[in-house]
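# Residue-level structure breakdown
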Amino acid sequence: MTFDNLSIVSEPKLFISVRDRLNSFTESVFSWPIESTSHLSSSGRYHSSLYQDELESTVTRFTNHNSMRLVPKYIIILIGLPASGKSTVSKHLVKYLRDTRATTNIRCKTFNAGDVRRKQKTMELTDDPTKDIFDPKNSDKKEEYARTAFNEALADLDNDICDVGIFDATNSTKQRRKYLFSEIKNFNRKVKSKISISPIILHVTCSDKKFIRYNIHQKSSNADYFDKQYDLSVKDFAKRLKQYYTQFSPYTMDEFNHILSPSLHDSHHGTFYFHVANAGLTSTTNIVEYSNFASLETRNLINTLHHFTSDYVAMFGSQYISKVKNFFTFSEIVNSNKLNIRKSFKQFSRLKLLNRVINDNYFKKLKNFHLINNITQRDQEPFRFQLQFYDNQVSQ
Ligand SMILES: Nc1ncnc2c1ncn2[C@@H]1O[C@H](COP(=O)(O)OP(=O)(O)O)[C@@H](O)[C@H]1O
Ligand SMILES: O=P(O)(O)OC[C@H]1O[C@@](CO)(OP(=O)(O)O)[C@@H](O)[C@@H]1O
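Being a predicted model, the structure only gives us computed values, none of them experimental.

### Description of the overall build of the protein chain
- A count of helical and extended segments in the protein chain gives 19 helices and 9 strands.
- Split into buried and exposed, the 396 residues of the protein chain put 52% on the buried side.
- The contacts of the protein chain with a sequence gap of at least 6 include a subset with a gap of at least 24, amounting to 76%.
- A total of about 19,400 Å² of accessible surface is found on the protein chain, and carbon and sulfur atoms cover 52% of it.

Here it is in structure tokens:
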């Protein structure tokens, strides 16, 4: 068994590229239809079949249109539960864009709502629900931190500090997402603006319990908890995640279609949704709809994002899987701390505590766990093989 098998998991189930609008536009202006912009090959890969020079000339002709005079900028809106891997995937993405020829000159910058909160206030562990900012009843503060981070992203795009802003927050409610999209719309409507911002959704899911457990362990020593006792940190993060499950609303096609309101569409390069199944236990679906005015830069970026998300598990999964495997394996713990028995002992006792707190019962109590993680009977079937593989590898 090799990790190659895992690439199947990240293969897009469906990739929609609606080109009718583009065709009708070019037909009406130039009386010739643009050739298919993309299609699925039999292996499920996305191919751009539009020749570069053909595309360039089309784009040049489009520059007569007002919106093409605006510099295209992008904001990647992450969606995903805490510890699903959003920040890690974003770091991988920034590197991938830099290492890819077509996107190497694109300047990316990440804006993290959690960092805004941490800058203002160090995390306090509390049993008092009125002081707990992750209790959905006191969402005001959390919304304020998110708005600050998002506005910083818009300002840096506007001031040409970056070309792609990555907005790293859970963005777990429809209400939040509606707010973000309306802010982008308002920004684009500003008469004096020299840029046009296109939103790109990047949804990160992690649905395997062992990987979630491992991620929670990692979170329990991050910037929120570095100065706190391990057991209290794990319990606090477990509570936070449970609260997020009560409010998380999965992003649906309905919401996607709703976002395609004409006013947004007209001023942008399209509407784009990408999905990374971190640890790869569900299939991925990317959806791309180009508007009439999608620039070459936009197509290069979108194309690269599609490859990144489709091949994510194949590219970055093996390292992650072996980290998780080693973490849960007795012999690996001993081996990695050969000369330090105390360290091994500490690691064992942490692992015991982690497994006790984040146990099966904990997962059962997470509201809509299967629905949110998009785990249906049908989804699980093709991946039974991989699931067994993970079980063999991870739970020794
Ligand atoms: N794809 C991945 N590769 C390696 N480690 C990962 C991956 N996804 C998550 N992790 C681990 O889980 C931890 C939590 O993930 P993080 O990216 O911070 O989640 P989020 O931003 O969604 O809260 C990370 O610090 C990292 O150790
Ligand atoms: O406001 P939302 O969208 O929930 O996202 C921000 C929150 O996400 C979290 C999720 O745990 O991010 P982070 O991983 O950076 O710590 C919180 O710390 C942060 O306050």
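Read on for the rest.
### A closer look at the packing of aromatic side chains
- Within this structure, the stated rule accounts for 16 aromatic pairs.
- Ring geometry for tyrosine 225 and phenylalanine 237: centres 6.4 Å apart, planes at 80°, overall edge-to-face. With a gap of 12 residues between them, tyrosine 225 in the loop between helix 8 (209-219) and helix 9 (230-247) and phenylalanine 237 in helix 9 connect regions that are remote in the sequence. We note that tyrosine 225, like phenylalanine 237, is buried.
- With centroids separated by 5.3 Å and ring planes inclined at 10°, the aromatic side chains of tyrosine 251 and tyrosine 273 adopt a geometry described as stacked. You can see tyrosine 251 sitting in the loop between helix 9 and helix 10 (253-259) and its partner tyrosine 273 sitting in strand 8 (residues 270-277), a full 22 residues away along the chain.
- For tyrosine 251, a relative accessible area of 9% translates into the label buried.
- For the cation-ring pair, arginine 147 lies above tyrosine 179, with the distance from its terminal atom to the ring centre recorded as 5.9 Å.
- The residue whose ring lies beneath arginine 299 is tyrosine 290, and the NZ or CZ to ring-centre distance is 4.1 Å.

### Structural notes on unusual backbone geometry
- Backbone geometry places alanine 83, a non-glycine residue, at a positive phi of 70°.
- Considering the arrangement of structural elements, one finds alanine 83 in the loop between strand 4 (71-79) and helix 4 (86-99).
- For asparagine 368, which is not a glycine, the phi torsion comes out positive at approximately 55°.
- Among the structural elements, asparagine 368 can be located in the loop between helix 16 (360-365) and helix 17 (369-372).

### Side note on the confidence of the model for the protein chain
- Mean pLDDT over the protein chain works out to 78, with 73% of the residues at or above the 70 mark.
- In the predicted structure, residues 1-65 sits below a pLDDT of 50 and forms 135 contacts with residues beyond four places in sequence or in another chain.
- Residue range residues 377-396 is modelled with pLDDT below 50. Its contacts to residues more than four positions away, or to other chains, number 37 contacts.

The rules we used
- Residues numbered from 1 in each chain as written.
- Chains lettered and ligands numbered in written order.
- Predicted model: local features only at pLDDT ≥ 70, side-chain atom pairs only at ≥ 80, totals over all residues.
- Heavy atoms only, no water.
- Helix = DSSP H or I, 4+ residues; strand = E, 2+ residues; numbered from the N terminus.
- Buried < 20%, exposed > 50% of the residue type's maximum accessible area, 1.4 Å probe, protein only.
- Contact = heavy atoms within 4.5 Å.
- Areas by Shrake-Rupley, 256 points an atom, 1.4 Å probe, with all protein chains shown as cover.
- Phe/Tyr/Trp six-rings, centres within 6.5 Å; stacked < 30°, edge-to-face > 60°.
- Lys NZ or Arg CZ within 6 Å of the ring centre and 35° of its normal.
- pLDDT = per-residue confidence, 0-100.

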